[in-house]
Amino acid sequence: MASALDTVFPPPTGVSLPGPRVPLCELSTPRTLWTMRHNLLEMWPAHYYRALRLHRRLLGCDHFLFNDPADIDQLLIAHRERYQREPTARRLLQPIVGRGLFAVEGEEWRRQRRGLAPAFQSRHIDRLIPRFHQQAVQMIARWGSHHQQQRNLLRDFRALALAIAGRAMFSIEDEARTGALGVLIEGYERSTSRLGWRDYLALGGWTGVRQAADREAFRQRWQSWAAAMSDSRPAIGDLDAADDLLDLLRAVRDESTGAPLAQDEIVDQIGTMMAAGFVTTAVALFWIAVMLALHPEHQEALRDELTSDDAGSPPHPAALRAARLCQAFVYETLRLYPPVFAVTRLAMADDRIGTVEIRRGSIIIVAPWVLHRHEAHWTSPLLFDPARFIHDGRVHVPKAWMPFGAGPRICIGMAFALSEIQVVLRLMLQRFRVTLAGPCPRPVGRFALAPDVEPLFELTRR
Ligand code: HEM
């Protein structure tokens, strides 16, 4: 039954959305390797968006892609102990995450996740909302008082997400230290933006392949930066006295021994949160801005919902939770433009998923990019239609929607990211109308879902 809320969203206009070139058939191995260096999204041919289970061999290894949520539940939940992170993903993240939460497995992962989970509970995230708001206010203040201006929002959102990560996680207040952090992280991104020959060897199953010199140099710089930041903080006794994530990490005690986390573990967790949380959120905000620009009618609907309270002060957490049109708009953008477009695993044992026999050593792919555009799961999958997430006045999330992954290893920062996005979106819509000043960018699958060019947006004060 349709509710009043179902009718608030404007009907889909059918505007054509930017997408990658989709090959008509499976690419040859050399072509696949070339495509992997340039745009991973272009590896998946048209029939991947119709089939539920796909298999191919690449460099002597079986690769499976699963598109059925029931199979994905088996992989990521019921049989999860039979799978680990796939070595190439771990390899690309290793210089920054070391042995942090993202990289570890089994008992070590359970110990770390239990220790970190309290920092990501909603009561802590709600306490961060004023910090998100303040950083967004500062970004907009830097834009000046022009009635109309053109901005590179990708760059602005990267700086904002970095400042928010620095502020909310590590209480870095000053611009100089945020800038230094940005330069460090850019060095990491440069060193991992393309696969090198060593990565291909690792992909082919060679173990013990060293990282390239620039990644090793980054690792050393990162370790000394993060260790210095952790050392410069006074000791903290318990979780409730913690002011940010770093405090929480320093207050974590081992359940059996009561020992605090070792210095190098804290350094690796800091790196993990930066690597997993900063670019992903910036990219999500960027694609949200693109969708706003392509759908002016939605801007009005969201503005009406989000601007009912005072823009000058931070939003109340309950108001954010009640902003259902905004949530649906964000969910629909994350459906079509998931920043983490593929999640990969390595089979550590023989297994059977649905009807598929999987041998130890196979690579398993769950690709939100493909799943979210799959013809079996979505009506008119290439249409931007936030109303598909609203039923009977409530936001409803279908099983095939998983931009944050699924199962016990689901993104620990999901609530953090969604709150941050809503706070920024609210402030931006309260102040500006957003349009694109040039052609629409196309998505490119690299570390996260990047655009092929950094477009200028036109911002007009309201
Ligand atoms: C829109 C923003 C974000 C998206 C789309 C996103 C997406 C994801 C996905 C898909 C995974 C699961 C990977 C897998 O199963 O292999 C993941 C894991 C993770 N994310 Fe996020 N993430 C976002 C923001 C954040 C933020 C803000 C943080 C930290 C503050 C964060 C921290 C992590 C960590 C630590 C993991 C690993 C969890 C584990 O292995 O137990 N993420 N993220």
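In the block above lies the structure referred to throughout.
In what follows, the accompanying structure is described. Just so you know, these numbers come straight off a predicted model, no measurement behind them.

Taken together, the 3 bridges between strand β2 (residues 61–66) and strand β8 (residues 363–366) define a ladder with parallel strand orientation. Within β8, the position partnered with L65 by the bridge is I365.

Turning next to the environment of R345. On the secondary structure map, R345 appears in strand β5 (residues 343–347). When sequence neighbours within four positions are dropped, the list of residues in contact with R345 reads L75, Y83, Q84, R85, E86 and I364.

So, on to the nonpolar core. The biggest cluster of nonpolar side chains holds 124 residues, and the ones touching the most others in it are L285, F286, I288, A289, I421 and V424. The element best represented in this core is helix α11 (residues 263–294), accounting for 20 residues. In this structure, I288 is in contact with V330, T333, I421 and L425, ignoring residues within four places of it in sequence.

Here we come to the packing of helix α12 (residues 296–306) against helix α14 (residues 324–336). Contact geometry for α12 and α14: axes closest at 8 Å, N-to-C directions at 140°. If you check the angle between α12 and α14, you find them oblique. Seen from α12, the contacting residues are H298, A301, L302, E305 and L306; seen from α14, they are L325, C326 and F329. Among the residues forming the contact of α12 with α14, the class breakdown is 6 nonpolar, 1 polar and 1 charged.

Here we take up the packing of helix α7 (residues 175–192) against helix α9 (residues 213–231). Two numbers describe how α7 lies on α9: the axes approach to 9 Å, and their chain directions differ by 155°. Judged by the inter-axis angle, α7 sits roughly antiparallel to α9. For the pair α7 and α9, the crossing hand works out as left-handed. Seen from α7, the contacting residues are L184, G187, Y188, S191 and T192; seen from α9, they are D214, R215, F218, R221, W222 and W225.

Read from one edge to the other, the open sheet built from 5 strands follows the order β1-β2-β8-β5-β3, with strand pairing classed as mixed. Two strands in the sheet have a free side with no partner beyond their single neighbour: β1 (53–58) and β3 (83–85). Put simply, the sheet's adjacent strands are angled 30° from each other on average, direction ignored. Sheet topology places β5 next to β8; 4 bridges connect them, and they run antiparallel. Among the inter-strand pairings, L346 is bridged to a residue of β8, identified as I363.

Our next topic: the pairing of β2. Note that β1 and β2 share 6 bridges and pair antiparallel. Across the sheet, the residue bridging to R57 is D62, located in β2. Between the end of β1 and the start of β2, which pair antiparallel, lie 2 residues, with L59 showing a positive phi angle near 50°.

Moving on, we come to helix α5 (residues 122–142). Taking 1.5 Å per residue, 21 residues should reach 30 Å; α5 reaches 30 Å between its end C-alpha atoms and fits that length. At L128, α5 shows its strongest bend, of approximately 35°, with the proline P130 following within four residues. Summarising the contacts, the buried residues of α5 are in contact with α6 (153–170), α13 (317–322) and α16 (414–431). Positive backbone phi, approximately 80°, marks G144, located one or two places after α5.

A sheet is described by the order of its strands in space; here 3 strands give the open sequence β4-β14-β11, paired in antiparallel fashion. Strand pairing shows two members of the sheet lacking a second neighbour, β4 (148–151) and β11 (432–436), which therefore form its edges. Across the sheet, the mean angle separating the axes of adjacent strands is 25° when strand polarity is ignored. Bridge count for β4 against strand β14 (residues 457–461) is 4 bridges, and the pairing is antiparallel. Residue pairing in the sheet places Q149 in a bridge with L459 of β14.

Rules and cut-offs
What you see as residue numbers is a count from 1 along each chain, following the sequence as written. A pLDDT threshold of at least 70 governs which residues receive local features in this predicted model, and a stricter bar of 80 or more applies before side-chain atom pairs are shown or counted, although totals over entire chains, interfaces and linings include all residues. By this definition, two strands are paired if DSSP reports at least two bridges between them. By the criteria applied, helices consist of DSSP H or I runs no shorter than four residues and strands consist of E runs no shorter than two, each listed in order from the N terminus. This entry defines residue contacts through backbone-placed C-beta atoms, with two residues in contact when those atoms are within 7 Å. We define a nonpolar core as a collection of buried residues of the types Ala, Val, Leu, Ile, Met, Phe, Trp, Tyr and Cys that are connected via C-beta atoms lying within 7 Å of each other. A residue is called partly exposed when the number of other C-beta atoms within 10 Å of its own lies between 12 and 20, exposed at 12 or fewer, and buried at 20 or more, with C-beta atoms placed from the backbone. Angles here are taken between N-to-C directions and fall from 0 to 180 degrees, while the axes themselves are lines fitted to C-alpha atoms, restricted in helices to the stretch in contact. To sort the angles, those under 35 degrees are grouped as roughly parallel, those over 145 as roughly antiparallel, those from 65 to 115 as roughly perpendicular, and the leftovers as oblique. Each residue gets one of three labels, nonpolar for Ala, Val, Leu, Ile, Met, Phe, Trp, Tyr, Cys and Pro, charged for Asp, Glu, Lys and Arg, and polar for the others, Gly among them. In this scheme the crossing of two helices becomes right-handed for a clockwise turn of the near helix relative to the far one and left-handed for an anticlockwise turn of less than a right angle. Under the convention used throughout, the expected extent of a helix is 1.5 Å for every residue step, that is, one less than its residue count. For a residue, the bend is simply the angle between two axes, fitted respectively to the seven-residue segment ending there and the seven-residue segment starting there.

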